[in-house]
Amino acid sequence: MRCSKTQYRKPCLFFCQKCCVQCLCVPPGTYGNKQFCPCYDNWKTKRGGPKCP
């Protein structure tokens, strides 16, 4: 569901699964709504960008 509308399906699914295991939740919808899962929203890459799709 989260990665259903992206053209980068494989990397999206990889990171989404990683984030789901770490955070035990995934925000609803295909994009945004990260306020429903603070861990998912706050996990950043080394460069400071969002790690979770």
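What counts, and where the lines are drawn
Residues numbered from 1 in each chain as written. Predicted model: local features only at pLDDT ≥ 70, side-chain atom pairs only at ≥ 80, totals over all residues. Heavy atoms only, no water. Helix = DSSP H or I, 4+ residues; strand = E, 2+ residues; numbered from the N terminus. Expected span 1.5 Å × (residues − 1). Buried < 20%, exposed > 50% of the residue type's maximum accessible area, 1.4 Å probe, protein only. Arc of directions from axis to C-beta. Contact = heavy atoms within 4.5 Å.

Peer 1: Please give an account of helix α1 (residues 9-23) that cites residues and values.
Peer 2: Taking 1.5 Å per residue, 15 residues should reach 21 Å; α1 reaches 20 Å between its end C-alpha atoms and fits that length. Among the residues of α1, Cys 12, Cys 16, Cys 19 and Cys 23 are the ones counted as buried. Take α1 and look down its axis: the buried residues cluster within an arc of 65°, on one side only. Exposed side chains of α1 directed beyond 90 degrees from the buried face belong to Lys 10, Gln 17, Val 21 and Gln 22. In the core, the buried residues of α1 are packed alongside α2 (38-42). Taken from the residues just after α1, Leu 24 is the one with a positive phi, measuring 60°.

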